[in-house]
Amino acid sequence: MNNNAIGKMLHRVENQIHRKLDSIAAAQGITVVQHIILSYLWERGKRRDVFQKELEQVFDVRRSSVSNVLGLLEKKNYIQRQSVSADARQKRICLTEAGTKAYLAVRKEMEAVEQALDGAFADKQERTLFLDMLQRLSARVQDI
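Residues numbered from 1 in each chain as written. Predicted model: local features only at pLDDT ≥ 70, side-chain atom pairs only at ≥ 80, totals over all residues. Heavy atoms only, no water.

## Here's the deal with unusual backbone geometry
Positive phi, normally seen in glycine, also occurs at aspartate 60, with a value near 55°. With respect to the secondary-structure elements, aspartate 60 resides in the loop between helix H3 (52-59) and helix H4 (63-75). Overall, aspartate 60 belongs to the exposed group, its relative accessible area being 69%. Of note, the phi angle at asparagine 77 is positive, near 65°, even though the residue is not glycine. (Helix = DSSP H or I, 4+ residues; strand = E, 2+ residues; numbered from the N terminus. Buried < 20%, exposed > 50% of the residue type's maximum accessible area, 1.4 Å probe, protein only.)

## As for the pattern of salt bridges
Following the criterion strictly, the structure yields 7 salt bridges and no others. As a salt-bridge pair, aspartate 49 and arginine 92 come within 3.1 Å of each other at their nearest N and O atoms. Of the two residues, aspartate 49 is situated in the loop between helix H2 (32-44) and H3 and arginine 92 in strand E2 (residues 87-95); the sequence distance between them amounts to 43 residues. Residue aspartate 49 is classed as partly exposed on the basis of its relative accessible area, which comes to 34%. (Salt bridge = Lys/Arg side-chain N within 4 Å of Asp/Glu carboxyl O.)

## Things to note about a nonpolar patch on the surface
A grouping of Ile6, Leu10 and Leu137 is seen on the molecular surface, where their side chains present a nonpolar patch of about 240 Å² in accessible area. Within the secondary structure layout, leucine 137 lies in helix H6 (residues 124-143). Exposure remark for leucine 137: the relative accessible area of 31% places this residue in the partly exposed category. (Patch = residues over 30% accessible without salt bridge, like charges linked within 9 Å, V, L, I, M, F, W, Y side chains within 5 Å. Areas by Shrake-Rupley, 256 points an atom, 1.4 Å probe, with all protein chains shown as cover.)

## Things to note about the environment of asparagine 77
With respect to the helices, strands and loops of the structure, asparagine 77 is situated in the loop between H4 and strand E1 (79-84). Asparagine 77 gets classed as partly exposed once you look at its relative accessible area, which sits at 41%. When the C-alpha atoms of asparagine 77 and methionine 133 are compared, they prove to be 42 Å apart, with 56 residues separating the residues in sequence. Not counting chain neighbours up to four residues away, the residues in contact with asparagine 77 comprise Thr96, Ala98 and Gly99. (Contact = heavy atoms within 4.5 Å.)

## Some points on the packing of H2 against helix H5 (residues 97-118)
Contact geometry for H2 and H5: axes closest at 10 Å, N-to-C directions at 110°. The angle between H2 and H5 places the two elements in the roughly perpendicular class. Contact residues: H2 offers His35, Leu38, Ser39, Trp42 and Glu43, while H5 offers Gly99, Thr100, Tyr103, Leu104, Val106, Arg107 and Met110. (Axes fitted to C-alpha atoms, helices over the stretch in contact; angles between N-to-C directions. Parallel < 35°, antiparallel > 145°, perpendicular 65-115°, else oblique.)

## Overview of the side chain of histidine 35
Residue position: histidine 35 is located in helix H2. With residues up to four places along the chain from it excluded, the contact list for histidine 35 reads Ile30, Tyr103, Val106, Arg107 and Met110.

## What to know about the packing of aromatic side chains
Following the criterion strictly, the structure yields 3 aromatic pairs and no others. Seen in terms of ring centroids, tryptophan 42 and tyrosine 103 are 5.5 Å apart; in terms of plane orientation they differ by 35°. Their pairing is tilted. Taken together, the positions of tryptophan 42 in helix H2 and tyrosine 103 in helix H5 put the pair 61 residues apart, joining distant regions of the chain. Exposure remark for tryptophan 42: the relative accessible area of 18% places this residue in the buried category. (Phe/Tyr/Trp six-rings, centres within 6.5 Å; stacked < 30°, edge-to-face > 60°.)

The structure is reproduced here in structure tokens:
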């Protein structure tokens with residue numbers, strides 16, 4: 001395989017971006033996965049109650065995996081599990097003030113990375129073309 005192979009280049013760029021995002025999240029004492037959970041709670045938790053079962057379904061992960069992530073976030077005081085009056089067995093998951101601060105700090109840095117990536121394109125048309133090509137590659141891979 002040559003150094004300009006599409007799959008190899010995509011993999012390399014994905015690894016570089018992933019390492020950058022990992023370091024941003026780590027600066028706040030969380031992982032990217034924990035940030036994704038905090039993000040979900042930030043977006044959905046304002047409008048309605050969020051429960052562990054929902055996180056399992058939305059992210060398509062096992063109960064034990066979600067439970068572990070939530071346990072770590074709870075230890076860091078980024079979330080709280082609160083009983084609901086209708087069913088004491090169910091616990092709604094709420095973002096704490098510390099969790100909100102950590103989420104917003106990471107989000108701000110991740111948005112800066114996204115802006116820097118956008119800066120790699122000469123104009124909006126070039127960016128749109130690149131995204132269209134990525135969509136075509138994704139569709140092609142699914143057809144293989």
